[in-house]
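As a plain string of letters, each chain reads:
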Amino acid sequence: MSYATAADLLARFAAEEIAQRVDRSTPRLVGPELLAAAVAGESLAAWSAAERAAVASAQALIAQALADADSTIDGYLATRYTVPMASPPAAVKRLACDMARYFLHDDQASETIQKRYDAALSFFRDVAAGKVSLGDPADTPAASGGNVEMTSAPAVWRRSASADFI
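This structure is a prediction, so every number in the text was calculated from the model and none was measured.

To continue, consider the pattern of salt bridges. One pass over the structure, following the stated rule, counts four salt bridges. Put simply, Arg101 and Glu17 hold a salt bridge, and the shortest N to O gap is 2.7 Å. Here Arg101 is found in helix H5 (residues 90-105), whereas its partner Glu17 is found in helix H2 (residues 15-22), with 84 residues between them in sequence. The pair formed by Arg101 and Glu17 is uniform in burial state, with each residue classed as buried. In this structure, the salt-bridge partner of Arg116 is Asp98, at a minimum N-O distance of 3.0 Å. One end of the pair, Arg116, is in helix H6 (residues 111-129); the other, Asp98, is in helix H5, and 18 residues separate them in sequence. By relative accessible area, Arg116 is classed as partly exposed at 32%.

Take a look at the structure:
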């Protein structure tokens, strides 16, 4: 289960921005209308075969960015929660979108996008450290009793059993 979807990404950020980041062709074939229609699952019959192929590649890039965000988030959440979370809070969805946006911009991320990504990482570090709770106890792993017990085999050599050796 993904923490955010392509539709969430388009709803949070302008379809124009995302279309520019995911269309790597020259000239650009994927516009915001085409990308929005493809993400919504609408018919793409009105667009050319080249545009449909370009939007399929664009959707694959979006899916990869969302998967990268998910794996990064899971790396932090796994210390305190069962991952992937069955019902993540809205904050996780928002931060997953911020991270996916950063991954889509790659080395051309603006200062604002970089700051939002860094803030997301900081948030998840705080969750991992126990400074921030995501709430739902159903997503937390079962706590242990807190006691540690160590057992081992009986001693192989004892001074009392060595008789005349020492």
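Back to the write-up after that little detour.
We now examine the nonpolar core. Counting 41 residues, the largest nonpolar core has Ile18, Leu35 and Leu77 as the members making the most contacts within it. Residue assignment for this core shows that the elements contributing at least two residues are helix H1 (6-12), H2, helix H3 (32-40), helix H4 (49-77), H5 and H6. Per-element accounting of this core gives the leading share, nine residues, to H4. For Leu77, the contacting residues outside a window of four places in its chain are Tyr3, Val83, Met85, Phe124, Val127 and Leu134.

Every buried residue of H3 is accounted for by Pro32, Leu34, Leu35, Ala37 and Ala38. Tucked inside the fold, the buried residues of H3 contact H1, H2 and H4. Directly after H3, the chain includes Gly41, whose backbone phi takes a positive value near 80°.

This next bit is on H5. Taking 1.5 Å per residue, 16 residues should reach 22 Å; H5 reaches 23 Å between its end C-alpha atoms and fits that length. Residues of H5 that are buried: Val92, Leu95, Ala96, Cys97, Asp98, Met99, Ala100, Arg101, Tyr102, Leu104 and His105. Where the residues of H5 are buried, they touch H1, H2, H4 and H6.

Residue classification places Glu17 among the buried positions, given a relative accessible area of 18%. Beyond its immediate chain neighbours, meaning those up to four positions away, Glu17 contacts Arg101, His105 and Ile113.

This brings us to the environment of Ser57. Residue placement: Ser57 occurs in helix H4. Through-space distance from the C-alpha of Ser57 to that of Asp23 is 7.8 Å; in sequence the pair is 34 residues apart.

Relative to the elements of secondary structure, Val30 occurs in the loop between H2 and H3. A sequence separation of 21 residues divides Val30 from Glu51, and the C-alpha atoms of the two residues are 6.4 Å apart. Those residues in contact with Val30 that lie beyond four places of it in its chain are Ala19, Asp23, Leu35, Ala54, Val55 and Ala58.

Let us look at unusual backbone geometry. Cis peptide bonds are those with omega within 30 degrees of zero, and the linkage from Thr26 to Pro27 qualifies with -5°. Topologically, Pro27 is positioned in the loop between H2 and H3. With an omega of -5°, the peptide bond running from Val83 to Pro84 counts as cis. You can see Pro84 is positioned in the loop between H4 and H5.

Turning our attention to the confidence of the model for the protein chain. Put simply, the protein chain has an average pLDDT of 88, and 83% of its residues get 70 or more. Note on residues 137-143: pLDDT under 50 across the span, and eleven contacts to partners over four residues away in sequence or across chains.

Reading guide: rules and limits
Residues numbered from 1 in each chain as written. Predicted model: local features only at pLDDT ≥ 70, side-chain atom pairs only at ≥ 80, totals over all residues. Heavy atoms only, no water. Salt bridge = Lys/Arg side-chain N within 4 Å of Asp/Glu carboxyl O. Helix = DSSP H or I, 4+ residues; strand = E, 2+ residues; numbered from the N terminus. Buried < 20%, exposed > 50% of the residue type's maximum accessible area, 1.4 Å probe, protein only. Core = buried A, V, L, I, M, F, W, Y, C linked by side-chain atoms within 4.5 Å. Contact = heavy atoms within 4.5 Å. Expected span 1.5 Å × (residues − 1). pLDDT = per-residue confidence, 0-100.

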